[in-house]
Every structure is written in structure tokens, then in C-alpha cells.
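Listed below, chain by chain, are the residues.
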Amino acid sequence: MIEMLSYEFMQRAFLAGVIIAILASVSGTFVVLRRYSMISETLAHSALVGVAVGLVANFNPLWMAVVVAIISAWLIEYLRSEFSIYSDAVLSILLSGSLAVAVIIVSLGGAFNNSLFSYLFGSILSVSSEDVVTIAVFGTLSLATLLMFSKELYFIAYDEEVAKTSGVKVRVLNFLLVSVIAIIIALSIRVVGSLLIGALMVIPTISALQFRVGFLRTVLISLVFALISVVFGMTFSFYFSLPSGATIVLCVLLIFIISLITNRR
Amino acid sequence: MKFKVPIFEIKNLDFSVKGQSILSNISLEIFGAEYIAIIGPNGGGKTTLIRMLLGLEKPTSGEIRIFGKKLSSFKEWSKIGYVPQRASHVDSSFPATVLDIVKMGRTSQRGFFSAFSELDKKLVYDAMLKMDILDLQEKMIGTLSGGQRQRVMIARALASKPEILILDEPNTGVDMASQKSFYALLRELNREDGITIVFITHDVGVIADDIARLFTINQKATICNNPKQVLSCQEMSELYGIDAHLLHNHKHEH
């Protein structure tokens, strides 16, 4: 463990990983309770379009991922509210559409290489100091926004219509929530990878829900699970040279199975 | 009473979906401290009417005023407590204690980041006391019985200190004993606390002595100003034979 942390790249990866664990689990609670689990998958694929543009045009891929994910989140909310398309169909269309666009961009740009692979499955080797700063700054802003509106978002998750009739600005807050989720997902794909970030958002909360406790405790349990998964997942990634996203998701899956069994009734 | 500004003032309200009329030409007023029961057959538009009053549906034409203001410019939603039909059916895995749910009633009156104030605490406590659920406050909502959940939902609505409570058949799936104490509570809220109550129910016979007026909604609205003599309301009997029959039975029991 000490040896592992003596590498600078590992210090950066751990710092980024811990921030992402906090962001993914706290936002994940709202994602799961709003039945938005699939939105995280879709936004992660949309973020890939940003990464592709960044890689090909030589912009910062992380920044581009944030921008494209936010646009995609707004598009989802708009399509859901303005057209009578089933919301899971909207998510499915945007998911495959984004992936197609991303693959075409990187293929045309000749960037279909290791660097894209690391964005798909996460990599502890590739987290730069610039990435850590971006993750810390946007992450803090996103977390502050979530905490600021947590009681409203919780109420909306419980009963959207009753929240609306008691004066909560449901429409604005729905847009805000998906925007924050988009930012958090875009930030996370560096470490966890776009194909696997959905799991880190959803599974810690689903595991915490098995304990059947109140809201605050559910968030805290989910947070602890996400942190454990990220720390152990990155450690395994380091010692066995595996993509970090995959090892993190396996850890969180193990926690889920244990939660399920120990809370069986 | 009639000189005061009504809480709700509805004029010539129409609502249709894809050309099919659901409600037509509804005009009515609801005044402060009234207890109004709304009955009508399923699909007759009761819930639609309530949803329009709450701004959840837009009328095709007509006007709704709340506390004298147009619905679109009305801001003081905390004055209105709403308990929807599905209140007693809660997703059993939702991570909420009874206290978590009742605190939601304070949401829109609290600022961002602001801690739960002494006033918030007091109002939440009072609402739970009133609904007799203080001993349940640490329990998970999913573990409660239908009757207990119903009380929690009303407590949440009461925590915002509403002037009017709108309840849409909240007692589906609740046992008889709980229903009776629930009706007693509504009467108490109306008579002692002066809260206006608008109650969509199938059980109008049981509360006939409590209510001030009875609205029958079946595409059109019929208003009975003296619900105890509701059988003499010719239109009502025609519109809604079954409930009139229930009332009739109820009268014979006494």
C-alpha cells in the first residue's frame, strides 16, 4: 500500500477516485430514487462524443465530455417533456446514437487507440494533474449544488406531483439534477470509464437501500460503499494491471451481493 | 362568509382531451372553513377537477382563481395541502422514515442550505402530534399499515400550515376502524382548526353530518347546499344513483 502510494500517478488517481466516489454515490441516490438509473448510462455514452472530439481536435477531452454530456442531458429532458416518446426509448436512442457518433469521429480522426480504451474502461495511469484540478473544481460545485437542493430533490423523488403542488420548482430542479449528473459522469469517465460509471452511480445506492434505513443514512452507507469500492478497485488495478473501472465495479458488485444476502428477509 | 374572497373560484371551466369532453361548464366556489365532499362516478372527472385546482392540469377554457389570484400567478402553494389518491400506496423500499416524510412538508418554506429551524421543528412536531404518529417517527414508511401511512401523508400536508386540505380518496385500502378515526380527525381539523376541507370520497354517507356542501361531479357539477337532505337533490340522484342509495341506507340506520 505504501509502495503503491509512493507513485505520483497513484496519488493523483486516488485523489480523483475519492472525489468521484463521493460525487457518484451522492448523486446516485437521487438517480436511483428518481428511477433515472438508465440516464447515467446514456450520459456516459454522450460524454464519449466529447472525449472523441477532444482527442481528435486536441482539446481537453474531459472538458469536452462535460459540455457534450450537459447538452445531451438537456436534450433528454426536453424530448421527454415535449414529445410523447417513452422516456426509456429516448435514453436508448441517445445512447446508441452517441456511441455511433463517437466511434465515427475517432475513426475518421485516426484516434482509435489506447487512449480511447482508457476512456471506455477507466485507467489509473492516465489521470493528469490537470484532470485532478478539473475533477476537484467541478466536483465541488456539483456537490454543493446537490446539497443545496437536496431536500427539494428528495421531495420530488418521493412524489413529484405533491412536491409541485406544495410550491417546489419541479421543472427547473429536474433540469438542474440532470445537468449535475451529466457533469459528474463526464468527470468520472477518466477513472471509471464511460461503460462502467453507471454501475458506480447506481449500485452503491441499491446496496444501501437493502438496509432499509432513512434518507441520510442511506446516502452515508452508499458513500462508504463507493469509497471502499474505489480504494480497493484501484489497488487491484495497480497490482494486477487491470482497467480500474472494471476492478471498481467488481468491488461494488461484491458489496451489493453481500448487502443483498445479509439483509434478506 | 360569502362576503369573503373565496379560496377557490371557478368559472365556466371546460376540460377536454382529444375533443372528448371530460368536464364542461363547471362553476363553483369554495370558501374558508368549509367542509366539502366531492362525489361522482369513476371517470366522472372528480380527480381531473382537483388536478386543475392544483395547477397539475390546464383547463381547456375557463378561469380558476385561488385566494383571489389567477392560478398562473398564484405563489403561496404552502397554503394548500394536497393528499393524492395513491397516498396509502407507497413504494415500500423508499428510504424514508415517518419524520423524513413529514419534514418534506416544510420544504418549500425553507431556504437553500438553511438548517431546520425551531419553527420548522415545532410545526413538524405539532403535525405529528395532531395525527397521533409521534411514536412512529423513526419507523420506515414502508413498514406502516395503510391507515398509519394515511396519517403520515396528512401530517406532511399539515406541516406547511395549510388553510385548505384537498384529499383525493386517500383511504383506498385502509381498514374500517382506521377510516372512522380518520373521519373524526378531518372533522376536528375543520371545526377546531378552521381548515377548509375538500374531500373526494365514496363514503359520503358516513360524513354527511360533518360536511357543509356536497359537489357531485359527472362531467357537470351539481352542488347540494344541504347534504343532509341530499335525497331531495333531484339532479344528484339522477346523476349518481348509487351514492344516493348509500345515503338513503345511512339515514335508515339512524
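Residues numbered from 1 in each chain as written. Chains lettered and ligands numbered in written order. Predicted model: local features only at pLDDT ≥ 70, side-chain atom pairs only at ≥ 80, totals over all residues. Heavy atoms only, no water.

A. Fine view of the sheet that holds strand β1 (residues 8-17) of chain B. Residue and element names in this part refer to chain B. Reading across the sheet, the four strands line up as β2-β1-β4-β5 and stay open at both edges, with antiparallel pairing between neighbours. The strands lining the two open edges of the sheet, one partner per strand, are β2 (20-30) and β5 (69-70). Taken together, the seven bridges between β1 and β2 define a ladder with antiparallel strand orientation. When the sheet's bridge partners are listed, I10 is paired in β2 with L28. Most of the contacts of helix α1 (residues 46-53) go to β1, to which it runs at about 120°, and overall it touches β1, β2 and β4 (61-66). (Pairing = 2+ DSSP bridges. Helix = DSSP H or I, 4+ residues; strand = E, 2+ residues; numbered from the N terminus. Contact = heavy atoms within 4.5 Å. Axes fitted to C-alpha atoms, helices over the stretch in contact; angles between N-to-C directions.)

B. Structural view of the packing of helix α2 (residues 8-33) of chain A against helix α12 (residues 215-240) of chain A. Residue and element names in this part refer to chain A. Interhelical geometry of α2 versus α12 gives an angle of 145° and a closest axis separation of 8 Å. In this structure, α2 crosses over α12, and the sense of that crossing is right-handed. Split into classes, the residues belonging to the contact of α2 with α12 amount to 19 nonpolar, five polar and no charged. (Left-handed = near helix turned anticlockwise from the far one by under 90°. Nonpolar A, V, L, I, M, F, W, Y, C, P; charged D, E, K, R; others polar.)

C. Region of the structure containing the environment of B:L71. Residue and element names in this part refer to chain B. For L71, the position within the fold is in the loop between β5 and β6 (80-83). Since its relative accessible area comes to 22%, L71 is described here as partly exposed. In this structure the C-alpha to C-alpha distance between L71 and K58, which are 13 residues apart in sequence, comes to 10.0 Å. In this structure L71 touches M52, L53, G55, I64, I66 and W77, once residues within four positions along its chain are discounted. (Buried < 20%, exposed > 50% of the residue type's maximum accessible area, 1.4 Å probe, protein only.)

D. Expanded view of the pattern of salt bridges. Here the structure, examined in full by the defined rule, presents 20 salt bridges over all chains. Linking A:K151 and A:E152 is a salt bridge whose minimum nitrogen-to-oxygen distance equals 3.8 Å. Classification of A:K151 by relative accessible area gives buried; the value is 14%. For the salt bridge of B:E57 with B:R51, the shortest nitrogen-to-oxygen distance reads 3.0 Å. Judged by relative accessible area, which is 16%, B:R51 ranks as buried. Bridged by salt links that share partners, the residues A:E161, B:R51 and B:E57 form one connected network. (Salt bridge = Lys/Arg side-chain N within 4 Å of Asp/Glu carboxyl O.)

E. Structural detail: the interface of chain B and chain A. Taken together, the contact between chain B and chain A spans 30 residues of the former and 26 residues of the latter. Surface buried jointly by chain B and chain A totals about 2,500 Å² across both partners, of which 64% is contributed by carbon and sulfur atoms. Taken together, the links from chain B to chain A amount to one salt bridge. Between A:E161 and B:R51 there is a salt bridge, with the nearest N and O atoms lying 2.7 Å from each other. Elements with a contribution of two residues or more to the side of chain B that touches chain A: β6, α2 (98-104) and α4 (146-158) of chain B. Per-element tally for the side of chain B that touches chain A: the top contributor is α2(B), with three residues. Taken together, the residues that form the side of chain B that touches chain A break down as 16 nonpolar, eight polar and six charged. (Buried area = accessible area lost by both parts, 1.4 Å probe.)

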